[in-house]
Amino acid sequence: MPTKKKPVSTHSKKAAESAKPTTAVAAPTESSEKSTKSHKRSRSGCYTCRLRRKKCDEGQPICRACSNLCVKCDYKRPLWWSNSEQRRIQKERVKNKIKQTKLNEKRASQPGATRAVSMGSPFSGDYDFNRPLYPEPYDHFSSHLPTPVFGQTTFNQLAPYEVDIKTERQTFINDIPMRHDSSNSTFTTFAPPHLHTALPTFPTNDLFNEEYLDQPPPYTGMNDALFENGSSYSYSSLQSTIPVDDRDLPLLNHFIDNVLRLIYPILEVHQRGHARTQAILQSLESNKSYLHCCLSVSAIHLKTTTSLGSEEIDHDIVRHRYEAVSQLCQALNRDTDHDQILEAALAMIFFHCSVGPPDDYLPDIPWYDHFQAVTNLVNKLDLPTIMESSNLYTPPPFNMALTSWIDILGSTMLGKTPQFAHTYRNMHLSGASSGLRELMGCEDRVMYLISEIACLDALKAEGRMDDMTVCSHVSALGRQLEYTEPADQTLEDPYSIDGAAIRPEQLTKSMTAVFRIAARIYLCSLVPGFDRNQQSNINLVAAVAETLQYIPAGPEGFDRSLVWPLLITGAFSVPSSPFRSILHERVALLGDNADFGSFGRMYRLLQEVWRLTDDPIMPEAEDTISLFTDPALKKEKSPSPSIGTPPGMREIKKQPVHWRDVMNRNGWRYLLI
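Here is a short report on the structure shown in this document. (Residues numbered from 1 in each chain as written. Predicted model: local features only at pLDDT ≥ 70, side-chain atom pairs only at ≥ 80, totals over all residues. Heavy atoms only, no water.)

### Notes on the packing of helix 20 (residues 504–524) against helix 21 (residues 535–547)
For step 1, the next point in the chain: Packing of helix 20 against helix 21 brings their axes to within 10 Å, and their N-to-C directions diverge by 160 degrees. Put simply, helix 20 runs roughly antiparallel to helix 21. As helix 20 packs across helix 21, the resulting crossing turns out to be left-handed. On the side of helix 20, the interface is formed by Ser510, Ala513, Val514, Ile517, Arg520, Ile521 and Cys524, while helix 21 contributes Asn537, Leu540, Val541, Ala543, Val544 and Thr547.
For step 2, the next point in the chain: Considering only residue class, the contact of helix 20 with helix 21 consists of 9 nonpolar, 3 polar and 1 charged. (Axes fitted to C-alpha atoms, helices over the stretch in contact; angles between N-to-C directions. Helix = DSSP H or I, 4+ residues; strand = E, 2+ residues; numbered from the N terminus. Parallel < 35°, antiparallel > 145°, perpendicular 65-115°, else oblique. Left-handed = near helix turned anticlockwise from the far one by under 90°. Contact = heavy atoms within 4.5 Å. Nonpolar A, V, L, I, M, F, W, Y, C, P; charged D, E, K, R; others polar.)

Listed below in C-alpha cells is the structure:
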C-alpha cells in the first residue's frame, strides 16, 4: 500500500478581494491617504499567502509564514497570478515545498538523520533555487537550431519532494507489450506527479493476457538457437522472405548469427524475448536501405573478427554502404515512408558503434551528417511531441528513444548543444520517461541532466558565459544530480542466487550509478581552474572503479554498454588511479571483443590522452602500479618509459589536453556510446 502523506491544512476562509482602484481629480488629504494605505494593506498581503488563503503579516523583505515554510515570498504581482490554471499549478508547488520542509524538519529532529552527500561532491553549500537558473528573456540553454520555446516553468520554481508510491508498470518494446509488474518505491523529484508519470493502479487484471501478468523467466543470455523450428522467423523462412542475392547470403547469415546479439544487450535483458530482433528482421524484409546497412555492418564485423581476404570484404563494405545511402536518397526524394527512412538513418549511425576497428580507413559519411537527416525526420514526424505526451498506453516511440541516446551523448563528442535539449528538459520537469533506461541502461533523469551539462559545456566553449555564471550552473546541476540518487543506494551483484541469470533492475541500478558519477566528473571538469589531481575528482574516479565490480565483465558482460562513462572517467583519471588498472583488467577479460566497436575506439582514445597528458612514470613508481594482469599486454600497451633528462636540466611537466581535442587532432569522428 502506498504511504499516505498528511496533507497540509488550509483554512477555508477566503481573503477579501483587493479594493478596486478609483480615479479622483483632487489630491487626497494626508489623513485620508494614510487611511487608504492602511485599508489596502489590510486587504492584501504577499501573493504566496493569498494563494494559500492565509493571513499575511506583510513582513519585509519576507513575511513570517513564508520564512518559516521556506517558500518564495512575492509582493510583486507574479505572472502566474492572472491565469487560473497557472495559479493552481503554483499552489501545488507551494504545497509540495511545504511538505518537503516539514519532512526535513522531522528528519532533522531525529538523531543521526542526515542526508548523505555523494562521494567527492564539491557542492556542499546551499544554492538559492529561488534565483532563476535560466534568466528570462534569454534562455542560456537554447539550442543552436530552432527548437520549441522553453516555457516559464524552470527548475528553480520546482521544489524537490519525496514520495512513497506503489507503481504498476507495463513495458512495451516498439509498441509490443512485454511485461506487467508492480513495485513499491521511494523517489525524489522536482515536479508534482502528472497523470502519465504516477501510473494508476489497474482496476482489474483482465486488461492483460495472463502471459504478461506472470513474472517472466530470468534473463540468461540470447538463445543461440534463435531461429529454431517453431519460431515465427525460422532460418528457412528467413532465406526466402529477405530479398538478398546469393553472394550476400553469407553476410546476412553472419549478421543474424553474430551481430544481432551485440546491438541491444541491455534491451535484451529487460525484454527477455526477441521482440526487437523480430522488428529488425521485419525491417530487413521491407526496408532496402536498412537491409544494405545491415549487410555492410555484417561485412565490417566479419573483417574484424576473421582472417578472410580483406580486399574482397572491403569491396562488400563499400558496395553496401553506397547502396544503403543510394536507397536512402531515393526515399528522401520521394518524401514518403518517413518512418522507414528514419529507421535506416539511425541504423547507419548506431549499428556501426557495435562493429569495426578504431582505424576504419574506408570512405564513409560521418555519423553527425546522418544525424542531421535524423533530426529533420524526427521533426517532420513530430516525435518530440509524441514522446512528451506518452503515457502507460502510448509508450515513447522506439526510434525517438534511440535518437535521444545518440543526441545526448553524441553532443558531448561534438561539444554542441543536443538537438532536442528543450524536449529533454520538459521531460525532466514532468518526470516522463523516454525509455532510455530499458534501452541503454541509464535512468532517464540522469540522461536528461547529461543533456543539460552538454548545454553548459557548449555555452562555455562559445564564450557565452563568464566564470561566475558557469560555477552557478555547475552548482545547481550538481544538486540536481543528487536528487536522482535512489533512497536505497546499496548496490548488489546483478546475478541471481544460482548465478545463471541477470536481474535487470540490479544491473541498471549499478549502470545508472556509473553514469551518474561520470556525469558529475564531466560537470566538475567545466569549473574554471579544474585539475584532475584535485582530491574531489580523485574520489569520484575511485567511486567509478568501485561501482564497476557490480557490473559483469568479459565477453558476456556489459562493459561495451559503458563506453561513455568509461571515457569520461578515464580521461580525467591520474596515472596512479585504481580505475586504470581495473579498466586494463576488464579490457583483457573482453579479449578480441575489446578491439572493435565503440569500446575499442574509446580505449584507443584514452591511451592517446594518457600518452599526451601523463607525466613520465619513474621506475620506482612504475613498479608499484600494476597496469595489466598479462605481462605481454603490459609490455605492449604500457606508457613509454621517460627519456632521461640531461644533468642540470629540469624535466618539463606535460600539460593537460582535452580528450575532444585529441579526437579532432587525429581526425577521429567517433560516436562513443
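### Description of the packing of aromatic side chains
For step 1, the next point in the chain: Overall, the coordinates contain 11 aromatic pairs when judged by the stated rule.
For step 2, the next point in the chain: With centroids separated by 6.0 Å and ring planes inclined at 80 degrees, the aromatic side chains of Tyr522 and Trp564 adopt a geometry described as edge-to-face. Taken together, the positions of Tyr522 in helix 20 and Trp564 in helix 22 (residues 563–571) put the pair 42 residues apart, joining distant regions of the chain. Exposure class is identical for Tyr522 and Trp564. Each is buried.
For step 3, the next point in the chain: Measuring from centroid to centroid gives 5.7 Å for Phe530 and Phe572, while their planes differ by 85 degrees, and the two rings are edge-to-face. Pair noted here: Phe530 is in the loop between helix 20 and helix 21 and Phe572 is in the loop between helix 22 and helix 23 (578–590), with a separation of 42 residues, a long-range link.
For step 4, the next point in the chain: Taking the relative accessible area as the measure of exposure, Phe572 reaches 10% and is therefore buried.
For step 5, the next point in the chain: Put simply, the rings of Tyr264, Phe350, Phe398 and Trp405 touch in pairs and so form one group of aromatic residues.
For step 6, the next point in the chain: The cationic tip of Arg50 hangs over the ring face of Tyr47; the distance from NZ or CZ to the ring centre is 4.6 Å.
For step 7, the next point in the chain: Above the plane of the ring of Phe398 lies Arg276, whose end atom (NZ or CZ) is 3.6 Å from the centre. (Phe/Tyr/Trp six-rings, centres within 6.5 Å; stacked < 30°, edge-to-face > 60°. Buried < 20%, exposed > 50% of the residue type's maximum accessible area, 1.4 Å probe, protein only. Lys NZ or Arg CZ within 6 Å of the ring centre and 35° of its normal.)

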